[in-house]
Amino acid sequence: MSGIEYDGRAVCALEVADLEQSLRWYEQALGFEVVHRLESWGWAELSTPLPGISIGIGQTEKPKTDGGVVVTFGVHDIDKARAHLESLGTRFDGETRQIADEVRLATFYDPDGNTFMLAQRLVEVPRPTARES
């Protein structure tokens, strides 16, 4: 048991060069919605379709996008999701890959080069449950 009492939310923070352009892309490409905005800080938090998971984007002159965490979104149909993103000009890192008979993966980038991944499970995997406190 950890000494941390989580509240059920997680925000993944990313750096972007143009907040307005990025907000449009995240809304159009991924279907996220702005839930909070701090104009004076050049910051916005966007909700995802996943309960409790948000993406925070902060405007900075030179975004650092090399290395770090890769946010991976589980999808039901990776080909359909990829086609949607490609129709908006989203850049992908090569073809969709399949790992054994378990999962298909496709790596893509936001307009600033932040890395994301789509994952379609090909086998049922038990969902993790929240730990009892």
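Everything here concerns the structure above.
Note that the structure is predicted; figures quoted are calculated from it, not measured. (Residues numbered from 1 in each chain as written. Predicted model: local features only at pLDDT ≥ 70, side-chain atom pairs only at ≥ 80, totals over all residues. Heavy atoms only, no water.)

Peer 1: Any chance you could break down the pattern of salt bridges for me, citing the residues and the numbers?
Peer 2: Tallying each qualifying case throughout the model produces five salt bridges. E39 is paired through a salt bridge with R37; the nearest N and O atoms lie 2.9 Å apart. Note on E39: relative accessible area 56%, which makes it exposed. Judged by relative accessible area, R37 falls into the partly exposed class, the value being 28%. A single network of salt bridges, built from pairs that share partners, joins E20, R37 and E39. (Salt bridge = Lys/Arg side-chain N within 4 Å of Asp/Glu carboxyl O. Buried < 20%, exposed > 50% of the residue type's maximum accessible area, 1.4 Å probe, protein only.)

Peer 1: Tell me about the pairing of strand β4 (residues 53-59), and name the residues and values.
Peer 2: Counting buried residues along β4, five of its seven residues qualify, which places the element largely inside the surrounding structure. Turn length for the strand β3 (residues 43-47)-β4 hairpin, with the two strands adjacent in sequence and antiparallel, is five residues, and the turn residue G52 shows positive phi of about 80°. (Helix = DSSP H or I, 4+ residues; strand = E, 2+ residues; numbered from the N terminus. Pairing = 2+ DSSP bridges.)

Peer 1: Lay out helix α2 (residues 78-87) in plain terms, naming residues and giving numbers.
Peer 2: When α2 is considered as a whole, its buried residues turn out to be I78, A81, R82 and L85. The buried residues of α2 occupy one face: seen down the axis, they fall within an arc of 95°. Turned more than 90 degrees off the buried face of α2, the exposed positions are K80 and S87. On its buried side, α2 packs onto α1 (19-30), β6 (91-92), β8 (103-109) and β9 (115-121). Regarding α2, its N-cap is D77, as a side-chain oxygen of that residue lies 3.1 Å from the backbone nitrogen of D79 further along. Two residues or fewer after α2 comes G89, characterised by a positive phi angle close to 85°. (Arc of directions from axis to C-beta. Contact = heavy atoms within 4.5 Å. Polar contact = N/O pair within 3.5 Å; in protein donor to acceptor, adjacent residues only side chain to side chain.)

Peer 1: Which residues make up the nonpolar core, and what are the values?
Peer 2: The biggest cluster of nonpolar side chains holds 23 residues, and the ones touching the most others in it are Y26, L30, I57, F108 and L118. Only β1 (10-16), α1, β3, β4, β5 (71-74), α2, β8 and β9 provide two or more residues apiece to this core. Sorting elements by how many residues they give to this core places α1 first, with six residues. If we skip the residues at most four places from it in the chain, L118 touches F73, V75, I78, A81, R82, L85, F92, R104, L105, A106 and F108. (Core = buried A, V, L, I, M, F, W, Y, C linked by side-chain atoms within 4.5 Å.)

Peer 1: Outline the environment of T72, supporting the account with residue identities and numerical values.
Peer 2: Within the secondary structure layout, T72 lies in strand β5. Given a relative accessible area of 41%, T72 falls into the partly exposed group. For the pair T72 and F92, spaced 20 residues apart in sequence, the C-alpha to C-alpha distance is 14 Å. The residues touching T72, leaving out its near neighbours within four places in the chain, are M117 and A119.

Peer 1: For unusual backbone geometry, give the residues involved together with the corresponding values.
Peer 2: In this structure, A100 is a non-glycine residue whose phi angle is positive, near 50°. Topologically, A100 is positioned in the loop between β7 (97-99) and β8. The exposure class assigned to A100 is exposed, which follows from its relative accessible area of 56%.

Peer 1: Break down the sheet that holds strand β2 (residues 33-38) for me, with residues and values.
Peer 2: In space, the four strands of this open sheet follow the order β1-β4-β3-β2, with mixed pairing throughout. Bordering the open sheet on either side are β1 and β2, each of which pairs with just one other strand. On average, each strand axis in the sheet is inclined to that of its neighbour by 25°, with strand direction left out of account. Summarising the sheet, β2 and β3 pair through five bridges and their orientation is antiparallel. Residue pairing in the sheet places H36 in a bridge with E45 of β3. (Axes fitted to C-alpha atoms, helices over the stretch in contact; angles between N-to-C directions.)

In short, shape yes, function no, at least from these values alone.
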